[in-house]
Amino acid sequence: MTTAVTPRSATAWYDSPLYYDMVYEDYTQRETRFLRAAIKKYGVGFARRWKVLEPACGSGRLVESLAQLGHDVHGFDLNINQVAYAQKRVRKLKLPAQVWCDSLQNFKAPDMGEYDLAHCFVSTFKYLLKEKDAVAALRGFSKALRSGGLCFIGLHLTDYASNPADYEKWVNRRSGVKVCSETWSAPAKRKARTEAMRTCMTITENGKTRVEETHWDFRTYSAAELKSLLAKVPSLDLIACHDFHYNIKNKRRLNDAYSDIILVLRKQ
Ligand SMILES: C[S@@+](CC[C@H](N)C(=O)[O-])C[C@H]1O[C@@H](n2cnc3c(N)ncnc32)[C@H](O)[C@@H]1O
């Protein structure tokens, strides 16, 4: 079988939302269960139906799962293909959700100041390469939330002392399509605070295989750099940390001993 290789791109895996959606599918129920357990544990003044904002919502997998539970979900993303895919998904299922095109660092949402919950998982926050954009995004999350509202940010921290390269692989199948996704992260460049990322998706459908490659940079955060960022947005209090096992019983400290961290922030 021949394999066609498409040129490198900065957004290929987001330009093909179905494949992205398949790769992350395994996380969806775990993240949704975690959010429900976290609201039970940390939520104050949450009604049965929450107002949720998902900044950078991608294909809308979590927009769907939370809207399926009856919550009002709003999400936005920079990538028009992801937005179109998520919009089609909520229309088809007639879900109580809205999705639009917008940016993390400068977004507007219909219910600013009223959201109970905002979440941004799987290191998405690290797309913001400049400190001023990261601060603007956090301020935006804070403005979007009501007093007592909760913000969850999941991201991979960098320990500059060990700083290893990393590799992860996922394989999934849906409706005759097979996707194998491999992601590499290079050791962080400490001064620039970036790590070079590469994802290679091998897609097999209709008897043909092709490869789509995506290259981009993430901003890096040590625990201290993340604390320093959070200190710039004092309206958000860090109330707990968990990890990518999405087990509400497992708490973490924000330090360099453990890298895959979920911040639980509460709006004052
Ligand atoms: C790893 S995906 C996460 C999507 C979704 N939150 C999820 O958990 O499936 C990252 C998403 O961030 C979006 N993105 C990257 N930079 C962005 C920015 N500055 N503003 C808005 N969206 C952005 C990408 O288009 C992509 O859909």
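Residues numbered from 1 in each chain as written. Predicted model: local features only at pLDDT ≥ 70, side-chain atom pairs only at ≥ 80, totals over all residues. Heavy atoms only, no water.

**A closer look at the overall build of the protein**
- Within the protein, the regular secondary structure consists of six helices and 12 strands.
- In terms of overall dimensions, the protein is globule-like: its C-alpha atoms have a radius of gyration of 18 Å, near the 18 Å expected for 268 residues.
- The principal-axis extents of the C-alpha atoms in the protein amount to approximately 60 × 50 × 35 Å.
- A buried classification covers 55% of the 268 residues belonging to the protein.
- Sequence-distant contacts, at least 24 apart, represent 68% of the contacts inside the protein between residues at least 6 apart.
- Approximately 12,700 Å² of the protein is accessible, and the part contributed by carbon and sulfur atoms is 50%. (Helix = DSSP H or I, 4+ residues; strand = E, 2+ residues; numbered from the N terminus. Rg over C-alpha atoms; globule rule 2.2 N^0.38 Å. Buried < 20%, exposed > 50% of the residue type's maximum accessible area, 1.4 Å probe, protein only. Contact = heavy atoms within 4.5 Å. Areas by Shrake-Rupley, 256 points an atom, 1.4 Å probe, with all protein chains shown as cover.)

**Quick look at helix H5 (residues 131–144)**
- The terminal C-alpha atoms of H5, which comprises 14 residues, lie 20 Å apart, in line with the 20 Å expected from a rise of 1.5 Å per residue.
- Most of H5 sits out of view: 10 of its 14 residues are buried.
- Among the residues making up H5, those that are buried are Glu131, Asp133, Ala134, Val135, Ala137, Leu138, Gly140, Phe141, Ser142 and Ala144. (Expected span 1.5 Å × (residues − 1).)

**A short note on the packing of helix H2 (residues 17–42) against helix H3 (residues 61–68)**
- Closest axis-to-axis distance for the H2/H3 pair is 9 Å, and the angle between their directions is 40 degrees. When the axes of H2 and H3 are compared, the pair comes out oblique. Between H2 and H3 lies a crossing whose hand is right-handed. Along its contact with H2, which presents Tyr20, Asp21, Tyr24, Tyr27, Thr28, Gln29, Glu31, Thr32 and Leu35, the element H3 presents Arg61, Leu62, Ser65 and Leu66.
- Residue classes in the contact of H2 with H3 are distributed as six nonpolar, four polar and three charged. (Axes fitted to C-alpha atoms, helices over the stretch in contact; angles between N-to-C directions. Parallel < 35°, antiparallel > 145°, perpendicular 65-115°, else oblique. Left-handed = near helix turned anticlockwise from the far one by under 90°. Nonpolar A, V, L, I, M, F, W, Y, C, P; charged D, E, K, R; others polar.)

**Brief notes about the domain arrangement of the protein**
- Each domain of the protein was delimited in the assignment, giving domain 1 (3–10 + 159–218) and domain 2 (21–42 + 49–158 + 220–267).
- For domain 1 and domain 2, the distance between their C-alpha centroids amounts to 22 Å.
- Between domain 1 and domain 2, the residue contacts involve 19 residues of the former and 19 residues of the latter.
- Together, the buried faces of domain 1 and domain 2 total about 1,900 Å²; carbon and sulfur atoms form 54% of this surface.
- Sorting the residues of domain 1 by area buried against domain 2 places Arg174, Arg193 and Phe218 first, and these three jointly supply 37% of that buried surface.
- At the boundary of domain 1 and domain 2, one finds five salt bridges.
- Along the contact surface separating domain 1 from domain 2 lie eight residue pairs in polar contact (both at pLDDT 80 or more).
- Elements with a minimum of two residues in the side of domain 1 that touches domain 2: strand E7 (166–174), strand E8 (177–185), strand E9 (194–205) and strand E10 (208–219).
- Of the residues belonging to the side of domain 1 that touches domain 2, the class tally is eight nonpolar, four polar and seven charged. (Domains from an automatic or database assignment. Buried area = accessible area lost by both parts, 1.4 Å probe. Salt bridge = Lys/Arg side-chain N within 4 Å of Asp/Glu carboxyl O. Polar contact = N/O pair within 3.5 Å; in protein donor to acceptor, adjacent residues only side chain to side chain.)

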